[in-house]
Amino acid sequence: MLKPLGLKDKKVLVPRGTGQAKSFSQLVEKYGGISIEIPLIAFRPIDFNPQLQTAMNQIDTYDWIVFTSNVTVETFFSFYKNKNHISFPKIAVIGTKTEEVLQEKGLKADFVPSGYVTEVFVDEFLPIVPSGSKVLIPKGNLAREYISTSLSNHGVLVDEIIIYETYMPEESTEKLAKTLSMDEIDILMFTSPSTVNHFMHVVEEYRLESHIERCVICCIGPVTEKKLRAFGLPIHVSPEEYTVKEMIKSTIQFLEK
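To keep things clear, this report deals only with the structure shown in the data block. All of these numbers come straight from a predicted model, not from anything done at the bench.

Considering the overall build of the protein
Part 1: Helix and strand counts for the protein come out as 10 helices and 9 strands.
Part 2: Its C-alpha atoms give the protein a radius of gyration of 20 Å, within 12% of the compact-globule value 18 Å for 257 residues.
Part 3: Along the three orthogonal principal directions, the C-alpha set of the protein runs to about 55 × 40 × 35 Å.
Part 4: For the protein, the residues scored as buried account for 50% of the 257 residues in total.
Part 5: Surface exposure of the protein reaches about 13,000 Å², of which carbon and sulfur atoms provide 48%.

Details of the pattern of salt bridges
Part 1: As enumerated under the stated definition, the model contains 7 salt bridges in all.
Part 2: Residue Asp9 pairs with Lys8 through a salt bridge whose shortest N-O separation is 3.8 Å.

A short note on the side chain of Lys139
Part 1: Summarising the element assignment, Lys139 is placed in strand 6 (residues 134-140).
Part 2: Judged by its relative accessible area of 7%, Lys139 is buried.
Part 3: In this structure the side chain of Lys139 is engaged in a polar contact, spanning 3.1 Å, whose partner is the side chain of Glu160.
Part 4: Leave out the neighbours within four places in its chain, and Lys139 touches Thr72, Arg144, Glu145, Glu160, Ile161, Ile162, Ile163 and Tyr164.

Structural notes on helix 1 (residues 21-30)
Part 1: For helix 1, the full list of buried residues reads Ala21, Phe24, Ser25, Leu27 and Val28. Considered in projection along helix 1, the buried side chains sweep an arc of 155° and stay on one side of the axis. Set apart from the buried face of helix 1 by more than 90 degrees, the exposed residues are Lys22 and Lys30.
Part 2: At the exit of helix 1 stands Gly32, carrying a positive phi of roughly 85°.

A closer look at the packing of helix 8 (residues 193-205) against helix 9 (residues 222-230)
Part 1: Relative orientation of the contacting elements helix 8 and helix 9 amounts to 25°, with a least axis distance of 8 Å. Regarding the angle of helix 8 to helix 9, the classification is roughly parallel. Every pair of crossing elements has a handedness; the one defined by helix 8 and helix 9 is right-handed. For the pair helix 8 and helix 9, contact is made by Pro193, Val196 and Asn197 and by Val223, Thr224, Lys227 and Leu228, respectively.
Part 2: When its residues are assigned to classes, the contact of helix 8 with helix 9 shows 4 nonpolar, 2 polar and 1 charged.

Parameters at a glance
Residues numbered from 1 in each chain as written. Predicted model: local features only at pLDDT ≥ 70, side-chain atom pairs only at ≥ 80, totals over all residues. Heavy atoms only, no water. Helix = DSSP H or I, 4+ residues; strand = E, 2+ residues; numbered from the N terminus. Rg over C-alpha atoms; globule rule 2.2 N^0.38 Å. Buried < 20%, exposed > 50% of the residue type's maximum accessible area, 1.4 Å probe, protein only. Areas by Shrake-Rupley, 256 points an atom, 1.4 Å probe, with all protein chains shown as cover. Salt bridge = Lys/Arg side-chain N within 4 Å of Asp/Glu carboxyl O. Polar contact = N/O pair within 3.5 Å; in protein donor to acceptor, adjacent residues only side chain to side chain. Contact = heavy atoms within 4.5 Å. Arc of directions from axis to C-beta. Axes fitted to C-alpha atoms, helices over the stretch in contact; angles between N-to-C directions. Parallel < 35°, antiparallel > 145°, perpendicular 65-115°, else oblique. Left-handed = near helix turned anticlockwise from the far one by under 90°. Nonpolar A, V, L, I, M, F, W, Y, C, P; charged D, E, K, R; others polar.

Put into structure tokens, the structure is as follows:
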């Protein structure tokens, strides 16, 4: 059983932006930690373009649409204005949060994998998608092509459309540099490879490598873990279940050792 104050007085980096950071910070504070909110990643929809228009107009020609995150759901439906979902394709999602946001839009996922990573999704999704099926994948500009490549190799017709861009908020750069230089973070938590990239860009630009040596480094998922290792960073916590809640629980268990 976890100690109620397992993070007592520990300053924890919460790398999410306004709107997404609240539940993360509440979990940190629930266990006595101090949340340091510095968004390492933000999203903005791309400009509406002919490719997007075509996909929206031909939505009824797809057998499946794949949403890999809550951001893709929110952004897609900021473009898709048709409230009549009768001709909408079957929906596959990755992650419980993605499923929840989809439900808020009045839609139900037809397929949810047992694990919240791309590789598990592909292994479990391929058997139910016959060759010749047509699949639409809305995505961010930095998203991997693993799903589309795997489906294409299986004989599935895949259309990928970029609907949003991922970037580092300008105001976060100076705030992160200042906070690290004053050694005001004890625990670093990373939720995606992009958060690692943006974090390390600041560390290297301001030469703050020595200031993160004292930090406990935590992450969600094997792809994020791989990115940390690419920078030569140690990984102290990487839970088997890829959620913020499990990352925090695993961090407390690590600290209690």
